[in-house]
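Remarks on the overall topology
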Amino acid sequence: MRDEIDTKSLRARRARLGNRIGSVGAAAMLIIAISLVFVGVYLLWAGEATRLAYLGLSVACICAMLYFWYRYDLRQVPPHLPTARLDDIMEPGLLADMRAPVTPRTAWEAAIKQPEARFICNHLLMDPKSLTSSLSNNEQDMAVVWRQVHALVDTSKTPKLHSGLLAMSIILTSPVAQSFLTQNKLRPEEAGEVLNWLERQLGYLEAPKPFFGGIGRDWAAGFTPTLEHFGQNISRTVELSGGAEHFLAHRDLLDGVASSLSRGNGVAMIGADGTGKTTFVYGLAERLLEGAHPSLRYYQVVSLNASLILSYSGQQLEKLMLTLFGEAVAAGNIILYLDEAQLFFNSGVGSFDMSQILLPVLKNHNVKIIASFTPTDWQMLQAQRSAVANSFATVAINEPNELDTYKIVEDAVINLEHRYRLLISYEAVREAYRLSGQYMQEQAYPGKAINLIEQAVPYASGNTMTADAIQMAVEKTKGVKVSAAAAPEAEMLLHLEDSIHERMINQKRAVNVVASALRRGRAGVANPKRPVGSFLFLGPTGVGKTELARSLAAVYFGNEAQMIRLDMSEYQRPEDVTRLLATGGQNDKSLLLAIRQQPFSVVLLDEIEKAHPNILNLLLQMLDEGQLTDEQGRPASFRSSIIIATSNAGAVDIVNHVKEAGNLDNFERPLIDKLIGAGQFKPELVNRFDEVVLFRPLNEDELSQVAQVMLKGVNQTLSAQQIQVQLTEAALKQIVHQGYDPEFGARPMRRIIQKTVENAVAVKILRQEAQPGSTIVLDVADLTPVDQ
Amino acid sequence: MGYNTDMIIEMLRWWYGTGWLQATHRVGTWTKGVERAFSITLLLQTLFAPWRRIISAPGRSFDDKIRAALDNFVSRCVGFFVRIGVLIAACLALLGALIGSLIIVGIWPLLPVGAIFFLIRGIIG
């Protein structure tokens, strides 16, 4: 095939004529033809104006011929075979708009008039007109475009040159379009995926409509009034929609399931939420309606409404189930679908053992049943009612691979676009895939990506959904930050150390490593499959380890409450593992429950060395993979959190080293080796932290600053009464002296300030010695604690 | 002028070639469409089946057996008459589709000739 097109070829002229006539013109010709035939025949019969009647009939014949020519030839203008040039396979609408000389610009202008090219531009968020002026108007420059067209046609399933393919070729060969793609973080092959998406949709449109049986189809089957009431007829839904126009991931399993059903076996589909179990059943229903399996031809798949059925209880429920099964047997063309089948087996108030009814039905092969289970539910059924579980033939509905997931999500997007009347861009689809993978681990693909897109609908700006809407949906529903840091936040991140030091005295290295981790996480540099940062803080008590975690939660995460604090001394027994991983709402010590509620937080594991080794082994997974799995097998993500573990181990060594050397430079490694050697930490745990940070004891000057920071807190409280408090130098020295304990560091400081400063201020306020606008100056004499 | 002549020739070439062939194919398409819409094969296969599977289970006593047989006979009669009624309608539709499509196939080659004939009659009176 030659790299050129002939805009004057016969096929091109036919395409232009078809374009001029159009569907409206063709319909008008048909109406004129029919009208003229009636009028002409009447006039001839009446013997009036016979010449006019003949002329009218002549025109009617010409109109009819033009109508048929348009209807069966000009509208499609079939490809010219054998193909010699590209115009032989060019889609007629596009060919009709092609004008010589063909340059990248004129070809682009012709392409963007067609819906296929607009599909490409819209889903790439590209303004077609803005690209026009940047394109070359030189005929010679089309050579590279035609080469690209050839490459795409060769990989295309349908050798047809439509406007989408031409537009994509121009985009892939235009430097301006390339830079647009780069700005939108799209690689050329990802842009090419939009072309695959388009071609799949064109394939659905061009595929012959399935035939689902005529008017007498169901006359040999019985009536099912109870099933109509308590179920949803999936086959009827498929029939009304005219057949599914989407990619079916587990198509290869359909024949096996149909064979099992035709032998009378119940089928249990086992797959995580979102893998497409219900979609698979819709696919099966369509296949049976098409008559693909003679023994199950025209069978109807009816999904039982569990919530409606289970609103009955006891004997009523038993009677209802017997009626439903009885109707299915009597009708002779029913397959029952139990979605979330575990609901039917759960024991609750007023419930009865469904297996007593279901087991004989399954054993006798009376009713054809498909039941869907999550892997956990299936394990429960096997453990609790093994006889029922063993009666089912099992089919695993696994998560599809990435390529198939994209196909399913893209097809679903077309439906969502119609339903919500908006355009969902390809970058939104890609972002939904990425973020749902990261933050919706309790569900499986493709369901979670589709759910995320639906959740993002309210955040779409105008009629277009971009990646921003997806990010916003994740931020709102999951409480994490995923969008790029805006200017104020970026500024704050760049100066995070300063903000933390407003609350935190010294420990510069610790503050710096934590701030750097957060910057890496927010800039998207950190590994997304691990926590934002993980640190082991070692040092004596009362030097600011916990305070740093608290400051970080307050300064960056917005609130001190954004900190999940676990005292690991409460997890010293092997059975505490269950408590840590519990998912029940009554357990307020469950780490997984807390992280699911606020995934964007600081996780503080205090006194980690006191936890049981089994718990420490669990933490290895958390630090390594950024997730833990609960007792039901569902993962909980720590990938948006900062993990801080604190320990007093080695505190004496730190104090002694500071006394000897004056600082802790290069002391981390020897200390860690010593602690590992002493068996206080396992090397695999220590090595999994991003950093081990040593906290040194505070000196007197720093303790004075701590006291001043705490005094600032007191002043903040008093600001509501317009009163301020100050300490004389001697008073400050006394507080520093009283507030420092060699064993507990600065920990007693807060209590001392409360006992001295706050008490003294309270007395002065009550004695009305402090008026709004005044400053209370406290000296040593004022600071006598009331309990002394 | 050359353009119009080319297009007229192109239309006539299609009309007496692919177009006419397609028209003959439509005879089969239309009749098959009627057969499918009325599910004629299925109706013939189930012509004597009970109407919507409304059947009575035979009891133990002779009277019950007779009553059940009578009920089932009635159900089969209802099914038969409904289906035969639809089959008659289907036959009529099939006939209509066949005649209609054959008329088109027959008239198809005459249409261009008719246009010229009526034009000449219109001019010369």
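Summarised in this report is the structure supplied together with it. These numbers were taken from a predicted model, which means no experiment stands behind them. (Residues numbered from 1 in each chain as written. Chains lettered and ligands numbered in written order. Predicted model: local features only at pLDDT ≥ 70, side-chain atom pairs only at ≥ 80, totals over all residues.)

**Overview of the interface of chain B and chain A**
Put simply, the rule is: C-beta atoms are first placed from the backbone for all residues, and any pair lying within 7 Å is then listed as a contact. Starting at the N terminus, helices and strands are each numbered in turn, a helix being any DSSP run of H or I of at least four residues and a strand any DSSP run of E of at least two. Any residue outside Ala, Val, Leu, Ile, Met, Phe, Trp, Tyr, Cys, Pro, Asp, Glu, Lys and Arg is labelled polar, Gly included; the first ten of those are nonpolar and the last four are charged.
Between chain B and chain A, the contact holds 29 residues from the first and 31 residues from the second. When contributions to the side of chain B that touches chain A are tallied by element, the ones reaching two or more residues are α1 (2–37), α2 (40–45), α3 (62–107) and α4 (110–124) of chain B. It is α1(B) that provides the largest number of residues to the side of chain B that touches chain A, a total of 9 residues. A class-by-class count of the residues in the side of chain B that touches chain A yields 15 nonpolar, 8 polar and 6 charged.

**A short note on the sheet that holds strand β10 (residues 563–567) of chain A**
Either a parallel or an antiparallel arrangement is found when strands of a sheet pair, and the pairing is made through backbone hydrogen bonds. Residues and elements named next belong to chain A. We apply this condition: When DSSP locates at least two bridges between a pair of strands, those strands are taken to pair. Between the N-to-C directions of two axes lies an angle of 0 to 180 degrees, each axis being a line fitted to C-alpha atoms and, for a helix, fitted only over the stretch in contact.
Pairing is parallel in the open sheet, where 5 strands are placed in the order β10-β11-β14-β9-β15. Since the sheet does not close on itself, it has two edges, and those belong to β10 and β15 (691–694), each with one partner. For this sheet, the mean angle separating the axes of adjacent strands, direction not counted, is 20°. Pairing analysis gives 4 bridges linking strand β9 (residues 533–538) to β15, with the strands arranged parallel. The partner of Phe535 across the bridge, within β15, is Glu691.

**A word on the pairing of β9(A)**
Residue and element names in this part refer to chain A. Worth spelling out the cut-off: To sort residues by burial, count the other C-beta atoms lying within 10 Å of each one's C-beta; a count of 20 or more means buried, 12 or fewer means exposed, and anything in between means partly exposed. C-beta atoms are built from the backbone.
Of all 6 residues in β9, 6 are buried, a share of seventy percent or more. Where burial is concerned, the two faces of β9 agree: the one with Gly533, Phe535 and Phe537 and the one with Ser534, Leu536 and Leu538 are both buried. One ladder, built from 6 bridges, connects β9 with strand β14 (residues 642–647); its direction is parallel. Considered in β14, the bridge of Ser534 is made with Ile643.

**Here we look at the packing of helix α22 (residues 426–439) of chain A against helix α24 (residues 467–478) of chain A**
In a pair of packed helices, the angle between the axes and the distance between the axes together describe the arrangement. All names here are of chain A. For clarity, the threshold we go by: The cut-offs work like this: below 35 degrees is roughly parallel, past 145 is roughly antiparallel, 65 to 115 is roughly perpendicular, and the gaps in between are oblique. Left-handed describes a crossing in which the near helix is turned anticlockwise from the far one by less than a right angle; the clockwise case is right-handed.
Closest axis-to-axis distance for the α22/α24 pair is 8 Å, and the angle between their directions is 25°. Classed by the angle they form, the pair α22 and α24 counts as roughly parallel. Both α22 and α24 take part in a crossing whose hand is right-handed. Packed against α22, whose contacting residues are Glu427, Ala428, Glu431, Ala432, Leu435 and Tyr439, the element α24 presents Ala467, Ala469, Ile470, Gln471, Val474 and Lys478 at the interface. Classifying every residue of the contact of α22 with α24 gives 8 nonpolar, 1 polar and 3 charged.

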